[in-house]
Amino acid sequence: MQVASVIVDVAAMQTDRSFDYLIPDKWSGMIAPGMRVIVPFGPRSIQGFVTEVKSRSEVEKLKPLIEPMDLLPVLNAELLSLADWLTETTLCFKISAYQAMLPAAMKAKYEKVFRLIDGKTPSTKEIAELFQNRTEILWEEVAKLGLLTVFRQEVKANRIELVYKVKSKGNKKMIRMIGCALPANQSKEYIEQLPANALKQKLVLEYLVKQTSKFVSAKEAMEASGASSATLKSLIEKGLIVETKQEMYRDPYENREFQKTEPLPLTELQEKAIIPILQSIEQEQHETFLLYGVTGSGKTEIYLQSIQKVLKIGKEAIVLVPEISLTPQMVHRFKGRFGDDVAVLHSGLSIGEKYDEWRKIQRKEVKVVVGARSAIFAPFENLGIIIIDEEHETSYKQEENPRYHARETAIKRAQHYNCPVILGSATPALESFARAQKGVYKLLTLSKRMNDQALPDVEIVDMREELRDGNRSMFSRALFEKLEDRLKKGEQTVLFLNRRGHSSFIMCRDCGYVSGCPHCDISLTYHRYSHQMKCHYCGYEEPVPHACPECNSEHIRYFGTGTQKVEEELGKLLPYAKVVRMDVDTTSKKGAHEKLLRQFEEGKADILLGTQMIAKGLDFPNITLVGVLTADTMLHIPDFRSSEKTFQLLTQVSGRAGRHELQGEVVIQTYTPEHYSIQLAGEQDYDQFYQQEMMIRKMGHYPPFYFLALVTVSHYDVITASSITEKITNYLRSHLSKSAIILGPVASPIPRINDRYRYQCLIKYKREPKLNEGLKTILEHYTKQHKDKHLQVAIDVNPFIMM
DNA sequence: AGCACGCCGACT
DNA sequence: GTCGGCGTGCTC
């Protein structure tokens, strides 16, 4: 009998290995690696993934697996080995890697039910009554009734059984189809024989007879004939029509027209950049290209034409875009060029919609995937190119297990398929640019905007001076003047602000009291529309205080400015200006994002006010002014990448202005105008910024000169948290080479979240072959649960967020 | 993770 | 003397 090695759906240290099961003869030959199966595990049944099919096992007493969940593997050999790599490099459980690669719909759901055993009668009337008109009762219901003990006795006495069910979240959408059951040559006669009052029935049959295909959707047939479902029902009863269900895709872009676009002629620079990419595609040679092109230099057209080449030789393409910029604009460009060959994957889709897009990819019904981070796992089997747009974006790093980076994952996959990776950005991540300098990546440069448009003029305004001159508004005089000017000319403005909501925190002006979260070491954020103070880390809420809880003073001031507050202010200062506000709060509804952008595009608004999400991808000809209200909010967060992030963001936002005929202007308001990342963003000088920042990174022993690994320990007890971190730090000190720099133990930048105290240890290293092994030992040692179940140890290799 | 098995305190 | 508390260890 065959044996299947299975990774079970239990994310824990002790179960992070394969378990062997017998394959019952009836499934023999049908079970393959990469398929999901239901297996018995202890007393329950759970989902698992087959990793290997073999003829014998080391283990003596094997249980047979219950049944397969798939007819075809959901993970191919390449993805299975990619999961091995993910597990190894990010130190996650294998099951977590598998789950990250598949749509959420494939994650199993479990249900426990009590079932009355055939022919048995429960010992009490009460239980018998519960089973009156059903054979199963949910475990939860029994628990709620407080009858678990009684039921347990019944189970022992073999009158009731406890059944563990595995349910798939994946629900294929089915539609009702009907077809004519009349003999083809006599249909007329049959229809005529119907009673005279069966008018609707006749219409339905006539409609069906006219159809070229056997089955049509019931909905269509009803609409066309004006019949109701009752009509169909009686036709089915008479046996005149037959009914089936057909699987169908949910189409998130249904009824949407995409203007077909043709390849544009490339500029000389674009031409030069695309040649090596096309070569790599043709010669099937893996190479990673860093496509470094200023904003508006036409990177997208290079992507499109490279993909075209890939499709022409019968291969497939993955395009990653940051979640936030998965704007309709981007989707339009790809759907416009490649039509139905494109699947789109982003967080705005429902679980079912994502599942459908995934199945289209698996069935090879599409050739191109445009999606956010997790689209890197698209189950293509003949990849010809992987493109990562805005490659510097932090959203390409997953912040929970498996903590993978889409860039490294892309390179890993591309090596397997011998195909190129294109990393595109106007402001590459320092790591990427450094690799390009060293020749690890191949640098392709687009130094000019298309049609030689000039980059926008940038003015940096010192807000301290504004304040000194008595301007206490959030708009500097320069920005306000220009804003008025654009309104007069009918041109559009983009205003950028890094913070949503109203104000960031409130403080008592008399005693300086700031209301903080009782569970976390962080101040509460004021939310205007709910009129609550909220903690962004644990969700704690409390009402806004009318008086200071410390000194009873009523002088409470709102600090920090959010988009809501700016919107209010604009309403006061420029009441005739039409403002569209875009942030998480206004775009959370489905389709809201697109709607707001369309309003702006059609000129129905003068000012687009928003957060991060308006920083990239926008390309509207009438935008001639970009205002950054406070450039330094990001600069002061305790993260060695804060300068880089500030520079990138400012450059991206500035790039929204003057992309077409009209010349653009940018105003950057700041309290630290002398800071190099603001100065150099103003000059749009990436190269200079790169030089400067590299020096700082070198001195601080930070990436790209060193790699990082971060161990975070949290516990309800401060002493435990710090002492365990100390032990871990000491262990690492003794295990790693002299050249590794080990910092800690120190409290995390946010020392307490959700009542858990957090300590960390940071490792900076260049080459440390024993590191992964050491980190694994730490995880194994401290996650043996009975040690201390309140203890949490999290390890992030190459962390992005240091908090 | 979840579940059973097993060993100690407060109840019929 | 039993019910149920949660410490410990296993799941092919």
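Analysis parameters
- Residues numbered from 1 in each chain as written.
- Chains lettered and ligands numbered in written order.
- Predicted model: local features only at pLDDT ≥ 70, side-chain atom pairs only at ≥ 80, totals over all residues.
- Heavy atoms only, no water.
- UniProt positions renumbered as here; feature names shortened; annotations may be inferred.
- Helix = DSSP H or I, 4+ residues; strand = E, 2+ residues; numbered from the N terminus.
- Expected span 1.5 Å × (residues − 1).
- Bend = angle between axes of the 7 residues up to and from the residue.
- Contact = heavy atoms within 4.5 Å.
- Near = heavy atom within 4 Å.
- Polar contact = N/O pair within 3.5 Å; in protein donor to acceptor, adjacent residues only side chain to side chain.
- Nonpolar A, V, L, I, M, F, W, Y, C, P; charged D, E, K, R; others polar.
- Buried < 20%, exposed > 50% of the residue type's maximum accessible area, 1.4 Å probe, protein only.
- Domains from an automatic or database assignment.
- Disulfide = S-S within 2.5 Å.
- Salt bridge = Lys/Arg side-chain N within 4 Å of Asp/Glu carboxyl O.

An unreviewed UniProt entry lists chain A under the name Replication restart protein PriA, from Bacillus kandeliae. Under the UniProt heading Sequence similarities (unreviewed entry), the entry covering chain A gives this text: "Belongs to the helicase family. PriA subfamily." Of the comments in the UniProt record for chain A, the one headed Subunit (unreviewed entry) reads "Component of the replication restart primosome."

1. A few points about helix 10 (residues 268–282)
Between its terminal C-alpha atoms helix 10 stretches 21 Å, which fits the 21 Å expected from 15 residues at 1.5 Å a residue. Of all the bends in helix 10, the greatest reaches close to 30 degrees and is centred on Ile-274; the proline Pro-276 follows between one and four positions later. Residues of helix 10 that are buried sit in contact with strand 13 (288–293), helix 11 (299–312), strand 17 (383–389), strand 18 (421–425) and strand 19 (442–446). Looking one or two residues past helix 10, Glu-284 carries a phi angle of roughly 50 degrees, positive in sign.

2. Let's talk about the protein's contact with DNA strand B
As a matter of local geometry, DNA strand B sits amid nine residues, with Val-10, Pro-43, Arg-44, Lys-112 and Tyr-164 nearest to it. The contact atoms of DNA strand B, taken as those within 4 Å of the protein, divide so that sugar and phosphate hold 61%. Here a base nitrogen of DNA strand B sits 3.1 Å away from a polar atom, N or O, in the side chain of Arg-44. Broken down by class, the residue content of the surface near DNA strand B amounts to five nonpolar, two polar and two charged.

3. Re unusual backbone geometry
Following Asn-401, the chain continues into Pro-402 via a peptide bond in cis, with omega recorded as -10 degrees. The omega angle of the peptide bond from Pro-703 to Pro-704 is 5 degrees, so this bond is cis rather than trans. You can see Pro-704 is positioned in the loop between helix 23 (686–699) and strand 31 (707–715). Positive phi values are uncommon outside glycine, yet Lys-364 reaches one of about 60 degrees. Within the secondary structure, Lys-364 is located in the loop between helix 13 (351–362) and strand 16 (368–371). Even without being a glycine, Asn-754 presents a positive backbone phi close to 55 degrees. Residue placement: Asn-754 occurs in the loop between strand 32 (741–753) and strand 33 (756–765). A relative accessible area of 41% places Asn-754 in the partly exposed class.

4. Things to note about the domain arrangement of chain A
Partitioning chain A into domains gives domain 1 (3–81 + 93–101), domain 2 (110–166), domain 3 (174–247), domain 4 (268–451), domain 5 (457–503 + 560–693) and domain 6 (707–797). Using C-alpha coordinates to define each centre, domain 2 is positioned 46 Å away from domain 6.

5. Re the state of the cysteines
Counted by the stated rule, this structure contains zero disulfides. Free of any disulfide, Cys-551 has its nearest cysteine sulfur in Cys-511, 3.6 Å distant. On the basis of relative accessible area, Cys-551 is assigned to the partly exposed category, the value being 34%.

6. Focus on the pattern of salt bridges
Applying the stated criterion across every chain, the model contains 41 salt bridges. Here Arg-464 ties to Asp-462 by a salt bridge, and the two come within 3.1 Å at their closest N and O atoms. Linking Arg-581 and Glu-567 is a salt bridge whose minimum nitrogen-to-oxygen distance equals 2.8 Å. In this pair, Arg-581 is assigned in strand 27 (residues 579–582) and Glu-567 in helix 18 (residues 563–573), connecting sequence segments 14 residues apart. Since its relative accessible area comes to 13%, Arg-581 is described here as buried. Of the residues examined, Glu-567 reaches a relative accessible area of 29% and is grouped as partly exposed. Here the salt bridges share partners, and the residues they tie into one network are Glu-459, Lys-482, Asp-485, Arg-486, Lys-489 and Glu-665.

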